Amino acid sequence: MILSPAAADIFQRLGASDVVVGVTRNVEVFPGARKVGSHIHPNMEIIASLHPDLVVISSNRFFSQEMARRVGARVFQYNPATCQEILDEILRLGSLLGKEGRARALVSELEAKLSMVKPLWHRPTVVYEVMAHPYMVAGKKNIVADIVEKAGGRYLIGIERKLVPFSYEKVVALAPQVYIWQVGPMNRNPLPPQKRAYLKTLKAHFVRVKELAFARPNTHAFDNVLWLNRLFLKLKEQ
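Let me begin by describing the structure that accompanies this report.

Conventions used here
- Residues numbered from 1 in each chain as written.
- Predicted model: local features only at pLDDT ≥ 70, side-chain atom pairs only at ≥ 80, totals over all residues.
- Heavy atoms only, no water.
- 1 Å grid on protein atoms, 1.4 Å probe; cavity = no way out; pocket = protein on both sides within 12 Å on 5 of 7 lines; lining within 4 Å.
- Points joined across faces, edges and corners; volume = space filled by probe spheres on them.
- Nonpolar A, V, L, I, M, F, W, Y, C, P; charged D, E, K, R; others polar.
- Core = buried A, V, L, I, M, F, W, Y, C linked by side-chain atoms within 4.5 Å.
- Buried < 20%, exposed > 50% of the residue type's maximum accessible area, 1.4 Å probe, protein only.
- Helix = DSSP H or I, 4+ residues; strand = E, 2+ residues; numbered from the N terminus.
- Contact = heavy atoms within 4.5 Å.
- Pairing = 2+ DSSP bridges.
- Right-handed = clockwise from strand over helix to strand, strands pointing away.

To find leftover empty space, a probe the size of one water molecule is rolled over the atoms. Applying the stated rule across the entire model yields one cavity of 30 Å³ or more. Each pocket or cavity is described by its volume, and for the largest cavity that value is around 30 Å³. Contributing to the lining of the largest cavity are L3, H39, I57, S58, S59, F62 and F63. Here the lining of the largest cavity is built from residues that sort into four nonpolar, three polar and no charged.

Quick look at the structure:
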């Protein structure tokens, strides 16, 4: 049972799709698995009916030990905040699922991608918008902060949280050179930031990304590091 959406990609890459009986509503990679609500509001009746042996969660705020006891399942918490932590979790899951060889091979593949990052003489400063209303940015414990740093940028929000309520005035004062904004379940149809009155004065390069492809801590994070590194290199040439 996967209640941590980011972990779904890891199960697929480890060749463990056949053991997945339930997933959250925004996970599409296991069409045969039952939808069990969201990771914030899981449907306990459906979960119990599937009799899972293991429940993979992102936080015990939304699936407690008491809930686990009710369905008689073990709990594995998957919530990495850095690329290194993703690699560590792949090895842990590989051991748990009896996929140690595939896990080691996957870790080697992802480490090789990081080795392809080209160095930058100038580190562009970056802010990442999570939500426009209420306004919220990614904090230091968000995977996007590590993606930016691994790509050669300098992430400007040093607050030790995953999500940080912020203000337009503070962002303008930080004067980021790159402003990344996501579109997805947490930020549906936002007005492009460069068209908002408070951000029009920013002399930044605005970059739109898809939330579900960019902000989940899984193997895609390593592809995003390479993509962002190439973007930073292009900006340097302009």
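What follows continues from the structure just given.
Ranked by size, the top nonpolar core spans 69 residues in total, and within it F30, Y78, I90, Y128, Y179, I180 and L228 carry the most contacts. By residue number, the principal contributor to this core is helix α9 (residues 220–237), which donates eight residues. Contact partners of I180, with chain neighbours within four places excluded, come to V126, V127, Y128, E129, V148, V207, V209 and L228. Listed in part, the 13 residues of the second largest apolar core include M1, L3, V55 and M67.

So, about the pairing of strand β4 (residues 74–77). In this sheet, β4 lies alongside strand β3 (residues 54–57) in parallel orientation, the contact comprising four bridges. Across the sheet, V55 pairs through a bridge with V75, a residue of β4. In this region the chain leaves β3, passes through helix α3 (residues 65–71) and returns to the parallel neighbour β4; the handedness of that crossover is right-handed.

A few words now on the layout of surface pockets. Size it by volume and the largest pocket reaches roughly 970 Å³. Listed by contribution, the elements that provide at least two residues to the lining of the largest pocket are β5 (125–131) and α8 (211–214). Here the residues of the lining of the largest pocket sort into 14 nonpolar, 11 polar and six charged. Here the second largest pocket is characterised by a volume of approximately 230 Å³. Elements supplying a minimum of two residues to the lining of the second largest pocket: β3 and α4 (83–97). Among the elements that make up the lining of the second largest pocket, the one with the highest residue count is β3 (three residues). A breakdown of the residues in the lining of the second largest pocket according to their chemical character gives 11 nonpolar, one polar and two charged.

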